[in-house]
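Each chain, written out:
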Amino acid sequence: MKYIKYLLVGILFGITLSKAEVISWFRIYEMFKLQSFHMYGVIGSAVAIGIILMYLFKNEKIKTLYGTPIVVEAKKKGISRNLIGGIIFGLGWALGGSCPGPMYILLGKGVVSIIVVLFGAHLGAYLYHALKHKLPH
């Protein structure tokens, strides 16, 4: 029962994404064909909010509930890892018709075909975990 708050926030987040049509394959299709601004607006606003929050974390303006600062470790710099990862992510998104975030929302809405995408996502995560010590990080 101590995790019920996370379940409720997840359900609320799922309802919000569903009502905003962010999980719609048609909206994703429109985005990849450069026919609509809808998804770009959602993604752009998420990036803007992320930038603001990271700035506030780094300047210790936002702290945890216990008053300790939130420390965000710097990532290694490199273009190739971002390009390769972005291409793999984008191809998976385009082929699967779903970003990883709403996959479970689609399953909850009764889209049975998302099971194949979920299987592929979990397989990819498992393979990454198994091979990450051999990859150039």
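Residues numbered from 1 in each chain as written. Predicted model: local features only at pLDDT ≥ 70, side-chain atom pairs only at ≥ 80, totals over all residues. Heavy atoms only, no water.

## Some words on unusual backbone geometry
- Phi is positive for Glu-21, which is not a glycine, with a value near 60 degrees.
- Along the chain, Glu-21 falls in the loop between helix H1 (4–19) and helix H2 (25–32).
- At Leu-34, a residue that is not glycine, the phi angle is positive and equals roughly 55 degrees.
- Within the element layout of this structure, Leu-34 appears in the loop between H2 and helix H3 (38–58). (Helix = DSSP H or I, 4+ residues; strand = E, 2+ residues; numbered from the N terminus.)

## A word on the nonpolar core
- Leu-17, Val-22, Ile-23, Ile-28, Met-31, Met-39, Trp-93, Met-103, Ile-105, Leu-106, Ile-114 and Leu-118 form the largest nonpolar core, which has twelve residues in total.
- Taken together, the elements giving at least two residues each to this core come down to H2, helix H5 (103–108) and helix H6 (114–131).
- The dominant element in this core, judged by the number of residues it contributes, is H5, at three residues.
- With sequence-adjacent residues up to four places away left out, Trp-93 is seen in contact with Ile-28, Met-31, Phe-32, Met-39, Ile-43, Ser-98 and Cys-99. (Core = buried A, V, L, I, M, F, W, Y, C linked by side-chain atoms within 4.5 Å. Buried < 20%, exposed > 50% of the residue type's maximum accessible area, 1.4 Å probe, protein only. Contact = heavy atoms within 4.5 Å.)

## Quick look at the pattern of salt bridges
- Going through the model one piece at a time under the given rule, you end up with two salt bridges.
- Across the pair Arg-27 and Glu-21 runs a salt bridge, and its minimum N-O distance is 2.9 Å.
- On the basis of relative accessibility, which here comes to 37%, the residue Glu-21 falls in the partly exposed class.
- A salt bridge links Glu-30 to Arg-27; its shortest N-O distance comes to 3.3 Å. With a gap of three residues between them, Glu-30 and Arg-27 both fall in helix H2, about one helical turn apart.
- The class of Glu-30 is buried, set by a relative accessible area of 12%. (Salt bridge = Lys/Arg side-chain N within 4 Å of Asp/Glu carboxyl O.)

## Brief notes about the packing of H2 against H3
- At their nearest, the axes of H2 and H3 sit 8 Å apart, and the two run at 90 degrees to each other. What the angle tells us is that H2 and H3 run roughly perpendicular. In this structure, H2 contributes Arg-27, Ile-28 and Met-31 to the contact, and H3 contributes His-38, Met-39, Tyr-40 and Ile-43. (Axes fitted to C-alpha atoms, helices over the stretch in contact; angles between N-to-C directions. Parallel < 35°, antiparallel > 145°, perpendicular 65-115°, else oblique.)

## A look at a nonpolar patch on the surface
- On the surface, a nonpolar cluster with roughly 720 Å² of combined accessible area is contributed by Phe-119, Leu-123, Tyr-126, Leu-127, Tyr-128, Leu-131 and Leu-135.
- Mapped onto the fold, Tyr-128 is located in helix H6. (Patch = residues over 30% accessible without salt bridge, like charges linked within 9 Å, V, L, I, M, F, W, Y side chains within 5 Å. Areas by Shrake-Rupley, 256 points an atom, 1.4 Å probe, with all protein chains shown as cover.)

## Structural notes on H3
- Over its 21 residues, H3 runs 31 Å from end to end, which matches the ideal 30 Å to within 8%, given 1.5 Å per residue.
- Directly after H3, the chain includes Glu-60, whose backbone phi takes a positive value near 55 degrees. (Expected span 1.5 Å × (residues − 1).)

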